[in-house]
Amino acid sequence: MTEILTPRLLLRRWSDDDLVPMAEINADPEVMRWIGDGAVRDLEQTAEGIERAEEEWDEEGFGLFAVELLGSGELIGFTGLSVPDFLPEVLPAVEIGWRLGRPYWGQGYASEAAHAALEFGLQDRGLDRVISIARVGNTASENVMRKLGMAPERETVHPVYGYPLRVHAIDLTEYQV
């Protein structure tokens, strides 16, 4: 079982108990407004997402971590690594991403969790480069990318929804623990 401890968080593989709290996060329109077409996701769609994340762990040796608060054990969202198949022009690539429930925004949790996941990818999984993709205008996510040491690399357009995207990147030679 892959687990990472940070000062305030536990990053771990998914469990059955994560489905309902993650579905509640995915049901919040504010959380989902920058993701895909902006639509919320229901329990079944959340279950499918968790299943895909677990399959990626098995196939790639990395994936999305469930993120919980140390102490309370409360699931606050996810962070981790995935292959961004939705944007073929950047492939082959590994993307770091995150999604936290709104009560956990603005407290540094996304940066703390993403930093641990980035270190895991570059140090433990031997990746030499990681990207992150944000919809232009999503300044909160772009702030996390900057805190990770990532730099804007290019702008493009979402192939399905047509809105502008900005791709950030960092390679192993630029990464500082």
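The residue count restarts for each chain, going from 1 along the sequence in the order it is written. In keeping with the predicted nature of the model, local features appear solely for residues at pLDDT of at least 70, side-chain atom pairs appear and are counted solely at 80 or more, and the whole-chain, interface and lining totals rest on all residues. The side-chain quantities take in all heavy atoms of the structure and omit both hydrogens and water.

Describe in detail the overall build of the chain, supporting the description with residues and values.
Strands here are runs of E lasting at least two residues and helices are runs of H or I lasting at least four, both read from the DSSP assignment and numbered beginning at the N terminus. Helix and strand counts for the chain stand at five helices and eight strands. Traced from its N-terminal end to its C-terminal end, the chain shows the element sequence β-β-α-α-α-β-β-β-α-β-α-β-β. Within these notes, the globule rule equals 2.2 Å times the number of residues to the 0.38 power, and the radius of gyration is based on C-alpha atoms. The C-alpha radius of gyration computed for the chain amounts to 15 Å, which stays within 12% of the reference 16 Å derived for 177 residues, consistent with globular compactness. Counting only C-alpha atoms, the chain reaches 40 × 35 × 35 Å along its principal axes. Looking at the chain as a whole, 49% of its 177 residues are labelled buried. In this analysis, two residues are considered to be in contact whenever any of their non-hydrogen atoms come within 4.5 Å of each other. Partitioning the intrachain contacts of the chain with sequence separation of at least 6 by distance along the chain shows that 61% fall at a separation of at least 24. Every accessible area reported is derived by Shrake-Rupley at a probe size of 1.4 Å, with residue values counting cover from the shown protein chains alone. Surface summary for the chain: the accessible area is close to 8900 Å², and the carbon and sulfur share equals 49%. Classification of residues uses two cut-offs on accessible area relative to the type maximum, computed with a 1.4 Å probe and protein chains only: under 20% is buried, over 50% is exposed, and between them is partly exposed.

Now, about unusual backbone geometry: what can you tell me, with residues and values included?
Residue leucine 91 is joined to proline 92 through a cis peptide bond whose omega torsion reads -5°. Relative to the assigned elements, proline 92 resides in the loop between strand S4 (75-82) and strand S5 (95-100).

Would you mind going over the pattern of salt bridges in detail, with residue names and values included?
We define a salt bridge as a side-chain nitrogen of Lys or Arg found within 4 Å of a carboxyl oxygen belonging to Asp or Glu. The tally for this structure, following the rule as stated, stands at eleven salt bridges. The partner of aspartate 58 in a salt bridge is arginine 13, with the nearest N and O atoms 3.5 Å apart. Of this pair, aspartate 58 sits in helix H3 (residues 43-60) while arginine 13 sits in the loop between strand S2 (9-12) and helix H1 (19-26), and the two are 45 residues apart along the sequence. Judged by its relative accessible area of 61%, aspartate 58 falls in the exposed class. With its nearest N and O atoms 2.8 Å apart, the salt bridge here joins glutamate 155 to arginine 166. Pair noted here: glutamate 155 is in strand S7 (residues 151-157) and arginine 166 is in strand S8 (residues 164-171), with a separation of eleven residues, a long-range link. By sharing partners, the salt bridges in this structure join Arg12, Asp18 and Glu68 into a single network.

Residue-level account of H3, with values.
An expected span of 1.5 Å times one less than the residue number is assigned to each helix. For H3, built from 18 residues, the straight-helix expectation of 26 Å at 1.5 Å per residue is met to within 8% by its first-to-last C-alpha distance of 25 Å. For H3, the set of buried residues is Thr46, Ile50, Ala53, Glu54, Glu56 and Trp57. Along the axis of H3, the buried residues cluster in a sector spanning 150°; they form a single face. Exposed side chains of H3 directed beyond 90 degrees from the buried face belong to Glu44, Glu51, Arg52, Asp58 and Glu59. The secondary structure elements touched by the buried residues of H3 are H1, strand S3 (64-69), S4 and helix H4 (109-124). Any pair of nitrogen or oxygen atoms within 3.5 Å is treated as a polar contact; in protein, a donor-acceptor pairing is required on top of that, and neighbouring residues in sequence qualify only through side-chain atoms on both sides. The N-cap of H3, judged by a side-chain oxygen 3.1 Å from the amide nitrogen of glutamate 44 a few residues on, is aspartate 42. Positive backbone phi, at 85°, marks glycine 61, one or two positions downstream of H3. Think of it as the arc spanned by the lines of direction from the helix axis to the C-beta atoms.

Outline the environment of tryptophan 34, supporting the account with residue identities and numerical values.
Topologically, tryptophan 34 is positioned in the loop between helix H2 (29-32) and H3. The class for tryptophan 34 is partly exposed, based on a relative accessible area of 25%. For the pair tryptophan 34 and glycine 63, spaced 29 residues apart in sequence, the C-alpha to C-alpha distance is 21 Å. Sequence-distant contacts of tryptophan 34, defined by excluding residues within four places in its chain, comprise Arg135, Val136, Gly137, Asn138 and Tyr163.

Please provide a residue-by-residue account of the side chain of threonine 6, values included.
Mapped onto the elements, threonine 6 comes out in the loop between strand S1 (3-5) and S2. With sequence-adjacent residues up to four places away left out, threonine 6 is seen in contact with Leu11, Leu70, Glu112 and Ala116.

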